[in-house]
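These are the residues of each chain, in order.
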Amino acid sequence: MATTLITGGTVVSATGRVEADVLIDGEKIVAVVHPGSNVFGSDLAASADTVVDATGKYVIPGGIDAHTHFELPFGGTEASDSFESGTRAAAWGGTTSVIDFAVQTAGTRVPDGLAAWHEKAAGNCAIDYGFHQIVGGVDDASLAYLPTLVDEGITSYKLFMAYPGVFYSDDGQILRAMQKAADLGLLTMMHAENGPAIDVLAAQLAESGKTTPYYHGIARAWQMEEEATHRAIMLSHLTGAPLYVVHVSAKQAVAQLAAARDNGQNVFGETCPQYLYLSLEEQLGATSEEWGDFEGAKWVCSTPLRSREEGHQDHMWQALRTNDLQMVSTDHCPFCMKGQKELGTDDFRKIPNGIGSVEHRMDLLYQGVVTGQITLERWVEITSTTPARMFGLYGRKGVIQPGADADVVVYDPNGRTTISAATHHMNMDHSAWEGFQVDGHVDTVLSRGKVIVDDNQYLGRKGDGSYLKRGLSQYLV
Ligand SMILES: [Zn+2]
Ligand SMILES: [Zn+2]
C-alpha cells in the first residue's frame, strides 16, 4: 500500500492541538507522531511515497456535512446538484463525508425510496456518503421497515411537522414512529415548524398581495418553530426516543432545546451557516437590479432566515459555544434562480425552498474562529467530530488517530477565499454567499488516503466515494 506523510502541521482535534506528523498507509491513518521522531527507525519523509508539507497549517479531520439534499424533487423541480457535482463541491470545501436524505412519501414504500437514492449516489460520489431516511408517510408498513433500516446502516430518520400534503406527520404519527425508534435506538430527526398554521398565515399574506420572498420569513414566524420544537421535545420525553432537531434558526427554539437538555433528555440541535450570518431584513428583504424585490428568493429556505433586530444570529453562535446546539450542517438544497426559484415570481409559496452551501461550510465556520466566536477546537468539533459521533461514524471518521479513515484536510489559516458563483463548484447560477471574503483556505484534501484536492486542483474522480454503513448514535447521554 502507498504511504503518505503529512508533515510540519498542527493537528487539531475537538479537545486540543499538537505539532505532529500524520502517517497514512493506504486508506487509513496509522500513526500520529512527534515531528522528527525516530520511532520508525528512519527518516519518515524519505520513505513515504507521498509527502504533504503542512508547515504553518492546520491538519484537521475532514468535514462531515450531515444534512444535504442532492437531486431532491421539491416544489415541482429538483435540487440542482447531483451526487456527482454536490460531493465534488463538498470536497473542494474540505468536507469528506456527507449524509443525504433518502425519501419516502405517503403511499410509497420505504425500501423503494431508499433504493432510488442508492441508485442516484452509487458510483457518482467524490467522497463517502451515508443516508438518513425521510419517512413522509408514517403507517404500519413504513414503521415495520425501521429495523431493516438499522441493519442497513441507516440509523436516523427524519419526520416533518411542516409541509402538509407532502412530508407532514401529525402528532399521532410522530408518537407512533418515536415509540418504535426508542425501541430500536434510531435517532429521530425533526423538521420542527407548525406546518398547518404556517400554511394559513402564508395564504392570508398571499391573498392580501404580500407575495414577495420577504413574506416567506413572515409566514414562518419564530413562534411556529418554538411551538413545534417544544411539541417534539414532549413527544420525545414521553416515548424516550432521542431527538435531533434540524436547521434550528430561532433563539426561542434553542431555549426549548436547552431546557430539555437541562432536564437530562437526549435532545440535540443543529444550525446552519445561513442562520449564523444571514437575516430576514438583509437577504429575504433584498432587492437588486436584475431581480427587483424577487432578489430575496435566493435565500428562501425553511426554517427561514430570522430577524437580525431580534438577535437570533448572535444567539446561534452563543448556543454553539455553550453546546445548547451541538453541530453545524448546511441543509444544502440548491436551486437556480433561472427556471427554478423563478417558479415563485408571483407567489413566495411557489419558490423552491433551499440554499446551497455544501462547499463553504468549513470556511464559513472558520470565520467564527477568526472573530473569536468559537475556538479552533470547537470548529473541528461542530463540523466533524460531533457529526461523526451523532450519526455513528466516530472512530472511522471525525478524528485523526490510528485506525481512522485517512480523511484529512490541510487548512491554511493565512489563506484567503472569496466566495462567488463565478468560481464555486456547486451547480447553481448564483451564490447565497456572493462576495463573502473568508480568512482561511482549504489547501489539500485527502479522502481515505487519496489526495483529491491540492493546490486549487481537483484530482479525484466520481466513484471515489463509498457508501457509509453507520452505527447507532455515539452521542447519547
Ligand atoms: Zn427540513
Ligand atoms: Zn433539509
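In case you missed it, the structure is sitting above this.
Residues numbered from 1 in each chain as written. Chains lettered and ligands numbered in written order. Predicted model: local features only at pLDDT ≥ 70, side-chain atom pairs only at ≥ 80, totals over all residues. Heavy atoms only, no water.

Sorry, what's going on with the coordination of the zinc ion (ligand 1) here?
Tetrahedral coordination by four donors sets the ideal angle at the metal to 109.5 degrees; octahedral coordination by six donors sets it to 90 or 180 degrees. Every protein donor of the zinc ion (ligand 1) is listed here as Lys-158 (NZ), His-191 (ND1) and His-247 (NE2), and their distances to the metal cover 2.2 to 2.6 Å. Sequence positions of the residues that donate to the zinc ion (ligand 1) give the spacing K-x32-H-x55-H. Between the zinc ion (ligand 1) and the zinc ion (ligand 2) there is a metal-metal distance of 3.9 Å. Placement of His-191 in strand E14 (residues 187–191) and of His-247 in the loop between strand E15 (243–245) and helix H10 (251–262) is noted, with a sequence separation of 56 residues between them. (Donors = N, O, S within 2.8 Å, 3.2 Å for Na, K, Ca; no water. Helix = DSSP H or I, 4+ residues; strand = E, 2+ residues; numbered from the N terminus.)

Is there a simple way to think about the coordination of the zinc ion (ligand 2) in this case?
The coordination sphere of the zinc ion (ligand 2) contains the protein donors His-67 (NE2), His-69 (NE2) and Asp-331 (OD), at a distance range of 2.1 to 2.2 Å. Sequence spacing of the donor residues for the zinc ion (ligand 2), all on one chain, is H-x1-H-x261-D. Since its relative accessible area comes to 0%, His-67 is described here as buried. (Buried < 20%, exposed > 50% of the residue type's maximum accessible area, 1.4 Å probe, protein only.)

Where do I start with the pairing of strand E18 (residues 408–418) in this structure?
Working note: regular strand, side chains alternate between the two faces of the sheet. Of all 11 residues that make up E18, 8 are buried, and the element is covered over most of its length. Bridge analysis of strand E7 (residues 58–61) against E18 gives 4 bridges, and the strand direction is antiparallel. Across the sheet, Val-59 pairs through a bridge with Val-410, a residue of E18. The pairing of E18 with strand E19 (residues 437–447) spans 8 bridges and is classified as antiparallel. Within E19, the position partnered with Val-410 by the bridge is Thr-444. (Pairing = 2+ DSSP bridges.)

Can you help me understand the sheet that holds strand E6 (residues 50–53) in this one?
The strands making up a sheet associate through hydrogen bonds between their backbones, and the pairing can be parallel or antiparallel. Spatially, E5-E4-E1-E6 is the arrangement adopted by the 4 strands of the open sheet, whose pairing is mixed. With one partner strand each, in any of the chains shown, strand E5 (28–33) and E6 form the two edges of the open sheet. For this sheet, the mean angle separating the axes of adjacent strands, direction not counted, is 20°. Pairing of strand E1 (residues 3–7) with E6 involves 4 bridges; the strand directions are parallel. Looking at the pairing, Leu-5 lines up with Val-51 of E6. (Axes fitted to C-alpha atoms, helices over the stretch in contact; angles between N-to-C directions.)

For this particular structure, what's the right way to read the packing of helix H9 (residues 222–239) against H10?
Each pair of packed helices gets described by two things: the angle between the helix axes and the distance between those axes. Between H9 and H10, the shortest axis-to-axis distance is 8 Å and the interhelical angle comes to 20°. Judged by the angle between their axes, H9 and H10 are roughly parallel. Crossing geometry of H9 relative to H10 is assigned as right-handed. Of H10, the residues touching H9 (which contributes Trp-222, Glu-225, Glu-226, Thr-229, His-230 and Ile-233) are Gln-252, Ala-253, Gln-256, Leu-257 and Ala-260. Residues belonging to the contact of H9 with H10 are distributed by class as follows: 5 nonpolar, 4 polar and 2 charged. (Parallel < 35°, antiparallel > 145°, perpendicular 65-115°, else oblique. Left-handed = near helix turned anticlockwise from the far one by under 90°. Contact = heavy atoms within 4.5 Å. Nonpolar A, V, L, I, M, F, W, Y, C, P; charged D, E, K, R; others polar.)

Please explain unusual backbone geometry as it appears in this structure.
Among all residues except glycine, the phi angle is most often negative; among peptide bonds, the trans geometry is most common. In this structure, the amide linkage connecting Ser-302 to the following residue, Thr-303, adopts the cis form with an omega of 0°. Inspection of the secondary structure assignment puts Thr-303 in the loop between helix H12 (280–284) and helix H13 (312–322). Phi at Tyr-163 is positive, roughly 60°, even though this residue is not glycine. Here Tyr-163 shows up in the loop between strand E13 (156–160) and helix H6 (171–184). One non-glycine residue with positive phi stands out, namely His-247, at about 35°.

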